[in-house]
Amino acid sequence: MSSSGQHNQYDIVIAGGGMIGTSLALALAPLGLRVAVVEAVARRAPGQPSFDDRSTALSRSTQRMFEAMGLWPEIVAAATRISSIHVSDQGRFGFSHIEAEEQGVEALGYVVINRVLGGVLQNALERQAGVDILCPARIMAIELGPERATATVDTGTDEHRNITCSLLVAADGANSSVREMMGITARQQSYGQRAVIGNLQPEKAIDHRAFERFTEQGPLALLPVADDRAGFVWTVSESDAERVMALDDDAFITELQREFGYRLGSFSRVGKRASYPLTLSKALRLTATRSVLVGNAAHGLHPVSAQGFNLGMRDVAALCDCIADARADADTFDPGAPRLLRSYADWRRGDQKKLVRFTDGLVHLFGSERRPLRAARGIGMLAFDLVPGIRSVFAKHTMGLAGRLPRLSRGVPLK
Ligand SMILES: Cc1cc2nc3c(=O)[nH]c(=O)nc-3n(C[C@H](O)[C@H](O)[C@H](O)COP(=O)(O)OP(=O)(O)OC[C@H]3O[C@@H](n4cnc5c(N)ncnc54)[C@H](O)[C@@H]3O)c2cc1C
C-alpha cells in the first residue's frame, strides 16, 4: 500500500486497514462514497500485524460476503475447503464430528493464510476508485462534533494532516487507540495463555478435515492448508510459551505430537512459528458521536472457535446494510447520523454477546479440571452426538448463519 489522495473531506474514514478495515472499505465500494483508509503499517512490512502467517478459517457467511463483493473466486483459489470438523478431549475416549454433507453444504468453511488473503484484499483496494489509502499513517487524535468528526493523522512528515468525515470507523484492532479516543472503555481479561501457530507435514493426508483437540494446557487446532500441510494453533500457558517457542523443531514436534496423538500419523517438517497473547476484550459501547467500532476493536476473542474475523465481518455486513438503507434517500443521507449508529449497535449487540459467551465458555469448560465441569463436558460431547438437531444448531453458529442476516451475509450485493 502506498499513500494516496490529498483530499481532506470524506464521507467515511476507516482507522485501521487490517483484515476488517480493508474488507469494510471494499464492501462499501458500490455505494459510491468518498472513503479513506488510514493504516499504520506499510503493506509488505514484516511487522504488519493483521496480514501475517496465521491461517484463518472463513465461515460460510464470510464466504457469501466475499461472493457478493466479487472477490470469492480469487480467495477460494488460494483457500482449502473444510469438509468436516473433528472435536476430541485429551484423556477421554471418543470424539464428535460435524460433516458438511450432513449440513447440506459443500464446505463448513475455508482456510486461507492471512498474508494471502491480505494480498487479494489490498490489491482490490488499490484498484478501487473513490477510496484513498493513507499508509503508513497513524491516527493520533480525533475530535467528534455533532456535524463532523476530525482525525489528526501522522503521515511521517513534519506536519500532521487533519481529515474530516461524517463517520469515523475504528477498525484498529483489539488494543484500539481510536476506541480510547472515542471515550469507550473495553473490558480486557488475559487468558494467561498464548497461541503458538505455524504449519507442518502430517504423515496421513489431512484431507479437508479440521481438528479441535482440548488438552490440559488448552485447545489445539489443526486446519487443512495448501499442499496437504496442516496449520496448527496450539494454546499453551503464558508461563510455558517461551520454552515451547525456543524448542528445536524435533523437540517441538515431539511435544505437539504428544498433545495431538497419531490420528494423522507422524508429524514432520514444521515451518516458522509465531506466538500471540490471548485476551478476551469487549467494548462496553459500540458507538460514540459520529463514530463506531468494528472487528477486534469491538471484541477480541480466544481463537478456540475460529470466529474473531468472521464475527468482525458480520459487523461489517450490518454496518454496510445500515449505510445502504440510509443511502437510498440521497437528500437526507448522513452515514454518521445518530439513528443509523443506534440501529447498527442494536443489531450487533446480541450476536457479539452470544459469540463472546460461547467462546469464553468453551475455554473455561474445556480448560477446567474441576469435576463438575469435567462431567459437564463429557455430557456436552455426548449430547453433541446424541441429541437430534444440536449439531445443526452448533454448525449454523459456526458457519455464521444464525439470527437476522444482513444483505452481504446472505450473498446479496449492496447495490
Ligand atoms: C492465533 C489466532 C488465530 C485466529 N484464527 C482465526 C480464525 O481461524 N477465524 C477467525 O474468524 N478469526 C481468527 N482469529 C481472529 C482474527 O485474526 C481477528 O479477529 C482479526 O485479525 C481482526 O481483524 P481487525 O482488522 O479487526 O484487527 P487487526 O487484525 O488487529 O488489524 C488492525 C489494523 O489497524 C492498524 N492500526 C492500529 N492502530 C492504528 C492507528 N492508530 N491508526 C491507523 N492504523 C492503526 C494495525 O496496523 C492493523 O493493520 C485468530 C486470531 C489469532 C490470534
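Data block above holds the structure.
Computed from a predicted model, the values in this text were never measured in an experiment.

This part is about the site of the ligand. What surrounds the ligand is a group of 32 residues, the closest being Glu39, Ser50, Ala57, Asn296 and Phe309. The side chain of glutamate 39 places a nitrogen or oxygen atom 2.6 Å from an oxygen atom of the ligand. Note that an oxygen atom of the ligand is positioned 2.8 Å from one of the backbone N or O atoms of alanine 57. Isolated, the ligand exposes 1000 Å² of accessible area, and the fraction of that covered by the protein chains is 92%. If you list the elements that add at least two residues to the shell around the ligand, you get α1 (19-28), β3 (55-58), β9 (138-144), β12 (186-202) and α8 (308-327). Taken together, the residues that form the shell around the ligand break down as 15 nonpolar, 13 polar and four charged.

What follows covers empty space enclosed by the protein. Evaluation of the coordinates by the stated rule reveals three cavities of 30 Å³ or more. Its volume calculated, the largest cavity comes out at about 50 Å³. Around the largest cavity, the lining residues are Asp53, Arg54, Ser55, Ile113, Ile197, Gly198, Asn199, Val225, Gly231, Phe232 and Val233. Contributions of two or more residues to the lining of the largest cavity are made by β12 and β15 (230-237). The class makeup of the residues in the lining of the largest cavity is five nonpolar, four polar and two charged.

On to unusual backbone geometry. A cis amide bond links cysteine 135 with the next residue in sequence, proline 136, at an omega value of -5 degrees. Position of proline 136 among the secondary structure elements: in the loop between β8 (131-134) and β9. Located in the positive-phi region is aspartate 207, a residue other than glycine, with phi close to 50 degrees. Structurally, aspartate 207 can be placed in the loop between β12 and β13 (209-214). At histidine 208, a residue that is not glycine, the phi angle is positive and equals roughly 65 degrees. Inspection of the secondary structure puts histidine 208 in the loop between β12 and β13. Residue classification places histidine 208 among the partly exposed positions, given a relative accessible area of 26%.

Under the defined criterion, the tally for this structure stands at 16 salt bridges. Between arginine 54 and aspartate 52 there is a salt bridge; the shortest N-O distance is 3.0 Å. Owing to a relative accessible area of 26%, arginine 54 belongs among the partly exposed residues under this scheme. Here aspartate 315 makes a salt bridge to arginine 348, at a shortest N to O gap of 2.7 Å. Taken together, the positions of aspartate 315 in helix α8 and arginine 348 in helix α9 (residues 338-367) put the pair 33 residues apart, joining distant regions of the chain. Classification of aspartate 315 by relative accessible area gives buried; the value is 0%.

Moving on, we get to the nonpolar core. Phe66, Ile139 and Ile323 are the most contacted members of the largest nonpolar core, which has 81 residues in total. With 10 residues, α8 is the single largest residue contributor to this core. What phenylalanine 66 contacts, discounting residues up to four positions off in sequence, is Ser23, Leu71, Trp72, Ile75, Leu117, Leu121, Phe309 and Met313. Core analysis: the second largest hydrophobic core is formed by 27 residues, Ile98, Ala221, Leu280 and Leu311 among them.

Helix length check: α8, at 20 residues, gives a terminal C-alpha distance of 29 Å against a target of 28 Å (1.5 Å per residue), a fit within 8%. Counting buried positions along α8 yields 17 of 20 residues, so the element is predominantly enclosed.

For the structure shown, the criterion picks out five aromatic pairs. Taking 5.2 Å as the distance between ring centres and 75 degrees as the angle between the ring planes, the aromatic pair formed by tryptophan 72 and tyrosine 110 counts as edge-to-face. One end of the pair, tryptophan 72, is in helix α3 (residues 72-76); the other, tyrosine 110, is in strand β7 (residues 109-113), with 38 residues separating them in the sequence. An identical accessibility class is assigned to tryptophan 72 and tyrosine 110; each is buried.

Here we come to the layout of surface pockets. Estimates place the volume of the second largest pocket at around 270 Å³. Lining of the second largest pocket is provided by Cys322, Asp325, Ala326, Asp329, Thr332, Phe333, Asp334, Ala337, Arg339, Leu340 and Ser343. The set of elements that each furnish at least two residues to the lining of the second largest pocket consists of α8 and α9. For the lining of the second largest pocket, the per-class residue count stands at five nonpolar, two polar and four charged.

Another point: the sheet that holds β3. Through backbone hydrogen bonds, the strands of a sheet pair up, either in parallel or in antiparallel fashion. Strands sit in the order β3-β7-β4 across an open sheet of three strands; the sheet is antiparallel. Pairing within the sheet leaves two strands with one partner each, and these edge strands are β3 and β4 (80-82). Direction aside, neighbouring strands of the sheet carry axes that sit 30 degrees apart on average. Judged from the three bridges that link them, β4 and β7 form a sheet pairing that is antiparallel. Bridged to threonine 80 within β7 is valine 111.

This paragraph deals with helix α4 (residues 114-127). Compared with the 20 Å implied by 1.5 Å per residue over 14 residues, the 20 Å span of α4 between its first and last C-alpha is a close match. All buried positions along α4 are accounted for by Asn114, Leu117, Gly118, Gly119, Val120, Leu121, Gln122, Ala124 and Leu125.

Further remarks concern the pairing of β12. Where β12 meets strand β17 (residues 274-283), 10 bridges bridge the pair, whose relative direction is antiparallel. Looking at the pairing, valine 196 lines up with serine 275 of β17. Of the pairings in the sheet, the one linking β12 to β15 comprises eight bridges and is antiparallel in character. Its bridge partner being in β15, leucine 200 is matched across the sheet by alanine 230. Note: β12 against strand β16 (residues 267-268), two bridges, orientation antiparallel. The residue of β16 that forms the bridge with proline 202 is phenylalanine 267.

Criteria and cut-off values
- Residues numbered from 1 in each chain as written.
- Predicted model: local features only at pLDDT ≥ 70, side-chain atom pairs only at ≥ 80, totals over all residues.
- Heavy atoms only, no water.
- Near = heavy atom within 4 Å.
- Polar contact = N/O pair within 3.5 Å; in protein donor to acceptor, adjacent residues only side chain to side chain.
- Areas by Shrake-Rupley, 256 points an atom, 1.4 Å probe, with all protein chains shown as cover.
- Helix = DSSP H or I, 4+ residues; strand = E, 2+ residues; numbered from the N terminus.
- Nonpolar A, V, L, I, M, F, W, Y, C, P; charged D, E, K, R; others polar.
- 1 Å grid on protein atoms, 1.4 Å probe; cavity = no way out; pocket = protein on both sides within 12 Å on 5 of 7 lines; lining within 4 Å.
- Points joined across faces, edges and corners; volume = space filled by probe spheres on them.
- Buried < 20%, exposed > 50% of the residue type's maximum accessible area, 1.4 Å probe, protein only.
- Salt bridge = Lys/Arg side-chain N within 4 Å of Asp/Glu carboxyl O.
- Core = buried A, V, L, I, M, F, W, Y, C linked by side-chain atoms within 4.5 Å.
- Contact = heavy atoms within 4.5 Å.
- Expected span 1.5 Å × (residues − 1).
- Phe/Tyr/Trp six-rings, centres within 6.5 Å; stacked < 30°, edge-to-face > 60°.
- Pairing = 2+ DSSP bridges.
- Axes fitted to C-alpha atoms, helices over the stretch in contact; angles between N-to-C directions.

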